[in-house]
Amino acid sequence: MIYLDNAATTPMDPRVVQAMETSMREDFANSGTVYKIGLDASEKIEECRQTISELLCLPSSHRIVFTSGGSESNNLFLKGYSFPGKRVACSGLEHPSVLDTVDWLNDTDEAIDLKPFQKEGVFQPSGIRVLKENKVRLFCLSHVNNEIGSINNPSHWIPDLNKTGPQTKLFLDGVQGVGKLPITANTWNGISGYSVSAHKINGPKGIGVLIYDSRLDLTPQIHGGKQQYGVRSGTLPVPLIVGFTSALKLALERRNEFENRAKELNACLVNGLKDLERENPELQLTFNTPVELDFSQRSPYIVNFSFPPVEGEVLLHHLEQKGIYVGLGSACSAHSREPSRILTGIGRSKQEARCSLRISFGAQNKLEEVEMFLTEFKTAYEALYPTFRQGTLTK
Amino acid sequence: MTASRIVLIRYDEIGLKGKNRQFFESALLKNIKEQLKGMEGLRYSTPRGRIFIVLESDQIDTCLRNLARVPGIASMSSGVEVEPDADIIAQMGIDWIAPLLEQKSDLPFCVKTQRSNKKFPISSPDFNYEVGSRIMKQLHDKGLRVDLTHPEFELEVEIGHERTVAFYNRVPGLGGLPVGSSGQVLTLLSGGIDSPVAAFNIIKRGCRSHFIFFDNQAFLGRGGYDKVLRLAKKLNRFQGQGILYVVPFGDLQVSIRDHCNPSNRVVLYRRMMYRIAQELAQRKGYLGLVTGESIGQVASQTLENLAAVSGLCTTSVFRPLIGTDKVDIVQQAKRIETYEISIEPQPDCCSVFMPPRPVTRSKIPDLERDETRYPWKPLMEKALGDIERIELGKVV
């Protein structure tokens, strides 16, 4: 099996499984109880919190809340901070858990269109004045875009935002960023909220964190036993927290090594695809990932490209037959055949959006796997092209 | 503590089948035993026209639930074996009825006796009176009254040669004929709402149905396959021993797509499905094809397009739903619990394989001309050779 859909999820690292297994056996006590084993569990959680805080170089102002994952973290911050009454905006190219939450929070009549202020998925500082004009109180962006991999690095324009619109808080969806991008103490300047998910970095599903500036008031979305500063009630899952912490540690220990390899794989894939295009006049590629930008502006882990007229979903199934698993360039939901808003948002046509794939690398991928993908992609494309080309029939 | 109870099974239609009765009865008994094979300690007996199962009271609900899936059962009841004595049976009736009268102030009831043991000295109407009057004496002031035409509570007594049984909760069975009594057929399953209902109807008439699904995983992934497998398993609960055949259909579909008149595509796909199904049926000795077609429901189900596929077949083609409205099909699908699976979104490649304007009145000479444009014979042989065979009773 060749697994190239690591932006969807990743296989668990055996060391994480090991750590969780031990914890599942040993740490069963409710961390909210006052007897010894409960206090032990509570202490273990605090140790994990401390470790995560150190690994991510968090300032003392920012706190960690454990959630069920990226979607919950995004919902908790956006709703918890803004509802009711604060205006929220995003660039329009975010994950549905941000995009749909923003839509839900805002009155649709007053939707703010910021798409003109991004280039290939990267927010442009010229949009800051629009945020001010529209009295936006919370602005949300992807740290790394989940479909095309472009990077928003707000440190370039945060001083400008603070000066022009000091009341606008910034939230970053960090689900595709953590473990991959370098994170230092400076990263947190001007960031009010940030979400992380364990299963994107070889950890377990069902656990993530929200990092946020504790000087802000968050309205809880889940009420109950007032765990975690009362912001997120619910008995804490110690084994999942142990798994999250272990996965984050492992990811950051070898972050540089993995990043260098991802760059190699990325170059091999992009160049290989360009070669295929040169060899085959019937293959016309459009890269949806801004491959001409350097790796400070795009993640080496994600490559998204279109190849009309062959449909991405059909090509995906052809590759599946060969044991190669890739992502759709534009994920359509189970309920709609419409392509997601990201590719059309950066100006691709609906056909280009439908005819696309997303390759995303993980810690386990090797160069041979990318080469194998290229070979099988070529075979599948050539087999499918006649079927998708229009007007083949001669009556 | 549990007590011994009796489940009584009636099978009206089989009772009418003259000299074949023995054959139908043993088929039904075999199917019942198969359906209940997970239950321990059941004892069966088959006095004339009935099947009795002696079991523990805590097994009754499971037993009745499973029997509700056995074609050939007209109705069933659970009751107890008693002495044919009016005092004893009346007391039993009082024990059953009294709790009901705590909740309502008016309860019409009657007693119905069937006496297959004619040596029993009291006639059925007299026995009804004997039992009924004893119960009324105890309970009439609590709201019980006799109503022979519209009773809410019917106390039934069967006085047989070997045993007498009293019971009250008669529940309808599926009806129809026992599976295995009418031979084997092959149902074309698509994953939609109709074909499972068609299969069910034919199973109910005593046929064992196997299933054939035309798959295209290279284009559609495993979604359709998984869905049809679950549908076939649901249907197999009514019969057991069914087989699902999965035919790789992608190459044929691509070839038709690439070489033939776009508006004829759908009918051409279906002609190949019928050809392959018929060939498989003939090789396996199945005596008919079953489809979920209903006149005019979609473009491919006009009379012309039905003729374009039927004309290829020397094997019988059964279309149990041909005159049934969609709403009724949907209701049946809900009853047999296939509906929820059928409506799950299924990947379809409309944009690739479906023409913008499918022909509603195909002409056979046009179709035959299209079929000279692609190598359907070798493709069909290849598809037949690559069929995957799944024994439904053996998959989890």
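The rules behind the values
Each chain carries its own residue numbering, running from 1 in the written order of its sequence. Each chain takes a letter, starting from A, and each ligand takes a number, starting from 1, following the order in which they are written. Local features in a predicted model are, by the rule used here, given only for residues with pLDDT of at least 70; side-chain atom pairs are given and counted only at 80 or more, and totals for whole chains, interfaces and linings are based on all residues. Hydrogen atoms and water are omitted, and side-chain values are computed over all heavy atoms in the structure. The secondary structure listing takes helices from DSSP runs of H or I that are at least 4 residues long and strands from runs of E that are at least 2 residues long, numbered from the N terminus. Each radius of gyration reported is based on C-alpha atoms, and the globular scaling rule is 2.2 Å times the count of residues to the power 0.38. Accessibility here uses a 1.4 Å probe with only protein chains present; expressed as a share of the type maximum, an area under 20% marks a residue as buried, one over 50% as exposed, and anything in between as partly exposed. Computed with the Shrake-Rupley method and a 1.4 Å probe, the accessible areas treat only the protein chains shown as cover for residues. Per-residue confidence from the predictor is reported as pLDDT, a score between 0 and 100. Two strands make a pair as long as DSSP finds a minimum of two bridges between them. Throughout, a contact is declared for two residues whenever any of their heavy atoms are within 4.5 Å. A fitted line through C-alpha atoms serves as each axis, taken over the contacting stretch for helices, and the angle formed by two N-to-C directions is quoted from 0 to 180°. Boundaries of every domain are those given by an automatic assignment or by a domain database. Each of two parts loses accessible area, computed with a 1.4 Å probe, when they are put together; buried area is these two losses added. Any Lys or Arg side-chain nitrogen found within 4 Å of a carboxyl oxygen on Asp or Glu counts as a salt bridge. When residue character is reported, Ala, Val, Leu, Ile, Met, Phe, Trp, Tyr, Cys and Pro are called nonpolar, Asp, Glu, Lys and Arg charged, and the others, Gly included, polar. We score Asp and Glu as negative and Lys and Arg as positive, and we do not count His or the chain ends. Any pair of nitrogen or oxygen atoms within 3.5 Å is treated as a polar contact; in protein, a donor-acceptor pairing is required on top of that, and neighbouring residues in sequence qualify only through side-chain atoms on both sides. Throughout, the protein atoms alone are placed on a 1 Å grid, and a set of points is a cavity if a 1.4 Å probe fits but cannot get out or a pocket if it is open with protein on both sides within 12 Å along at least five of seven lines; lining residues have an atom within 4 Å of a point. Grid points are joined across faces, edges and corners, and a volume is the space filled by probe spheres set on the points. Patch membership needs two things, relative accessible area over 30% and no salt bridge, and members are linked within 9 Å if like-charged or within 5 Å if nonpolar (Val, Leu, Ile, Met, Phe, Trp, Tyr). Working definition: rings of Phe, Tyr and Trp (its six-membered ring) pair if their centres are within 6.5 Å, and the pair is stacked with planes under 30 degrees apart, edge-to-face with planes over 60 apart, and tilted otherwise.

### Considering the overall build of chain B
The helix and strand tally for chain B stands at 16 helices and 15 strands. Scaling as 2.2 N^0.38, a compact globule of 396 residues should have a C-alpha radius of gyration of about 21 Å, whereas chain B reaches 27 Å, well beyond that. Taking the principal axes of the C-alpha coordinates as reference, chain B spans close to 85 × 40 × 40 Å. Out of the 396 residues belonging to chain B, those deemed buried represent 54%. Within the structure as shown, chain B displays about 18,600 Å² of accessible surface, and the carbon and sulfur contribution to it stands at 51%.

### Points about the confidence of the model for chain B
For chain B, mean pLDDT is 90; residues scoring 70 or higher make up 97% of the total. For this predicted complex, the interface confidence comes out at an ipTM of 0.73, alongside a pTM of 0.83.

### Regarding the sheet that holds strand β13 (residues 327-328) of chain A
All names here are of chain A. In spatial order, the strands read β10-β11-β14-β13; together these four strands make up an open sheet with antiparallel pairing. Each edge of the sheet is formed by a strand with only one pairing partner; in this case those strands are β10 (286-287) and β13. This element, helix α8 (residues 255-279), spans β10, β11 (302-306) and β14 (356-360) of the sheet and lies at about 15° to β11. Against the sheet, helix α9 (residues 312-321) touches β13 and β14, its axis set at about 50° to β14.

### Quick notes on the domain arrangement of chain A
All names here are of chain A. By the assigned domains, chain A splits into domain 1 (14-253) and domain 2 (255-387). Of the roughly 2,100 Å² buried where domain 1 meets domain 2, counting both sides, 54% is carbon and sulfur surface. Of the charged contacts, one joins arginine 348 and glutamate 120 as a salt bridge, the two residues approaching to 3.7 Å between their closest N and O atoms. Of all elements in the fold, only α4 (96-105) and α7 (238-253) reach the threshold of two or more residues within the side of domain 1 that touches domain 2. A class-by-class count of the residues in the side of domain 1 that touches domain 2 yields ten nonpolar, eight polar and eight charged.

### Quick word on unusual backbone geometry
Residues and elements named next belong to chain A. Note that the residue after phenylalanine 83, namely proline 84, is joined by a cis bond; omega there is -5°. Among the secondary structure elements, proline 84 is positioned in the loop between α3 (70-82) and β3 (88-90). In this model, proline 308 is joined to proline 309 through a cis peptide bond whose omega is 10°. Inspection of the secondary structure puts proline 309 in the loop between β11 and α9. Even without being a glycine, asparagine 202 presents a positive backbone phi close to 65°. As for its position among the elements, asparagine 202 is in the loop between β8 (193-197) and β9 (208-213). The buried category is assigned to asparagine 202, whose relative accessible area is 17%. Even without a glycine there, the phi angle at tyrosine 229 is positive, about 60°.

### Digging into the environment of threonine 360 of chain B
All names here are of chain B. For threonine 360, the location among the structural elements is in the loop between α14 (350-353) and α15 (364-370). With 57 residues separating them in the primary sequence, threonine 360 and leucine 303 have C-alpha atoms 9.0 Å apart. Discounting residues that sit within four places of it in the chain, threonine 360 has contacts with Ala299, Thr302, Glu304 and Asn305.

### Here's the deal with the side chain of aspartate 258 of chain B
Within the element layout of this structure, aspartate 258 of chain B appears in helix α9 (residues 250-259). Notably, aspartate 258 of chain B is buried but unbridged: the nearest opposite-charge side chain belongs to arginine 257 of chain B, and the N-O separation is 4.2 Å. A polar side-chain atom of aspartate 258 of chain B sits 3.2 Å from a polar atom in the side chain of threonine 387 of chain A.

### Some remarks on the layout of surface pockets
The computed volume of the largest pocket comes to approximately 1,300 Å³. Taken together, 42 residues form the lining of the largest pocket, with Ser190, Gly192, Arg270, Met273 and Met354 of chain B sitting closest to its centre. Of all the secondary structure elements, the ones that give two or more residues to the lining of the largest pocket are α6 (194-204), β11 (208-215), α8 (223-236), α10 (265-284) and α14 of chain B. No other element matches the five residues that α10 of chain B contributes to the lining of the largest pocket. Looking at the lining of the largest pocket residue by residue, the class counts come to 20 nonpolar, 14 polar and eight charged. Space inside the second largest pocket adds up to approximately 780 Å³. Surrounding the second largest pocket, 43 residues form its lining, His95, Pro96, Asn146, Glu147 and Ala331 of chain A being those nearest its centre. Listed by contribution, the elements that provide at least two residues to the lining of the second largest pocket are α3, α4, α9, β12 (324-325), β13 and α10 (341-345) of chain A. For the lining of the second largest pocket, the element with the most residues is α4 of chain A, which contributes four residues. Across the lining of the second largest pocket, the residue classes break down as 16 nonpolar, 17 polar and ten charged. When residues are assigned to domains, the lining of the second largest pocket turns out to be shared by domain 1 (14-253) and domain 2 (255-387) of chain A, each giving three or more.

### As for a nonpolar patch on the surface
Residues and elements named next belong to chain A. Residues Phe28, Tyr35 and Ile37 make up a contiguous nonpolar surface patch of roughly 360 Å² in combined accessible area. Relative to the elements of secondary structure, tyrosine 35 occurs in the loop between α1 (14-26) and α2 (36-55). Judged by its relative accessible area of 47%, tyrosine 35 falls in the partly exposed class.

### Brief notes about the pattern of salt bridges
One pass over the full model with this rule turns up 46 salt bridges over all chains. Between glutamate 257 of chain A and arginine 254 of chain A there is a salt bridge, and its shortest N-O distance comes to 2.7 Å. Judged by its relative accessible area of 39%, glutamate 257 of chain A is partly exposed. Across the salt bridge formed by aspartate 226 of chain B and arginine 222 of chain B, the nearest N and O atoms sit 3.0 Å from each other. Overall, the relative accessible area of 31% leaves aspartate 226 of chain B in the partly exposed class. Here arginine 222 of chain B falls in the partly exposed class, since its relative accessible area comes to 41%. Because the salt bridges share partners, they merge into one network encompassing Asp100, Asp103 and Arg341 of chain A.

### A word on the packing of aromatic side chains
The full count for this structure, using the stated rule, is 25 aromatic pairs over all chains. Geometrically, the ring pair formed by phenylalanine 77 of chain A and tyrosine 212 of chain A is tilted, given 6.5 Å between the ring centres and 55° between the ring planes. With phenylalanine 77 of chain A in helix α3 and tyrosine 212 of chain A in strand β9, this residue pair connects regions lying 135 residues apart in the sequence. Assessed through its relative accessible area of 0%, phenylalanine 77 of chain A is described here as buried. Overall, the relative accessible area of 1% leaves tyrosine 212 of chain A in the buried class. Plain terms: the ring middles of tryptophan 96 of chain B and tyrosine 168 of chain B are 4.7 Å apart, the flat faces sit at 55° to each other, and that makes the pair tilted. Taken together, the residues tryptophan 96 of chain B in helix α4 (residues 86-101) and tyrosine 168 of chain B in the loop between β8 (164-167) and β9 (171-172) connect sequence positions 72 residues apart. A relative accessible area of 32% means that tyrosine 168 of chain B is categorised as partly exposed.

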